[in-house]
Amino acid sequence: MSMVDKARNALQRFTGRSRRTAGRVSGDREMEARGAAEKIGGDLKQAGENLKSTRR
């Protein structure tokens, strides 16, 4: 796993978490859902990268 991929995934997770929190605070359910989906996407990418690195 390259450091660039790891940083990109961490940024996506952070952005998703921030967007989800902003949606909760503002009462915007659509923003909250988009943020949650973005965070989950980052989590899945990171898990895939971890799996690739353990198989090598």
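Going by the structure above, here's the rest.
A. The arrangement of the overall build of the protein in detail. When its secondary structure is counted, the protein shows two helices and zero strands. Relative to a compact globule of 56 residues, whose C-alpha radius of gyration would be 10 Å, the protein shows 13 Å and is clearly more extended. Projected onto the principal axes, the alpha-carbon positions of the protein cover approximately 45 × 15 × 10 Å. Residues classed as buried in the protein amount to 18% of the 56 residues present. Look at the contacts in the protein between residues 6 or more apart in sequence, and 49% of them connect residues 24 or more apart. For the protein, the exposed area adds up to about 4200 Å²; of that, 56% sits on carbon and sulfur atoms.

B. Quick peek at the environment of R19. As for its position among the elements, R19 is in helix α1 (residues 3–26). On the accessibility criterion, R19 (35% relative accessible area) is partly exposed. Taking the C-alpha atoms as reference points, R19 and E32, 13 residues apart in sequence, are found 6.4 Å from one another. Filtering out sequence-adjacent residues up to four positions away, R19 remains in contact with M31, E32, G35 and E38.

C. Here's a closer look at the pattern of salt bridges. As enumerated under the stated definition, the model contains six salt bridges in all. For R13, the salt bridge goes to D43, with nearest N and O atoms at 2.5 Å. With R13 in helix α1 and D43 in helix α2 (residues 29–55), this pair connects stretches of sequence that are 30 residues apart. When its relative accessible area of 28% is taken as the criterion, D43 is described as partly exposed. In the salt-bridge network here, residues are joined through shared partners; they are R13, K39 and D43.

Procedures and definitions
- Residues numbered from 1 in each chain as written.
- Predicted model: local features only at pLDDT ≥ 70, side-chain atom pairs only at ≥ 80, totals over all residues.
- Heavy atoms only, no water.
- Helix = DSSP H or I, 4+ residues; strand = E, 2+ residues; numbered from the N terminus.
- Rg over C-alpha atoms; globule rule 2.2 N^0.38 Å.
- Buried < 20%, exposed > 50% of the residue type's maximum accessible area, 1.4 Å probe, protein only.
- Contact = heavy atoms within 4.5 Å.
- Areas by Shrake-Rupley, 256 points an atom, 1.4 Å probe, with all protein chains shown as cover.
- Salt bridge = Lys/Arg side-chain N within 4 Å of Asp/Glu carboxyl O.

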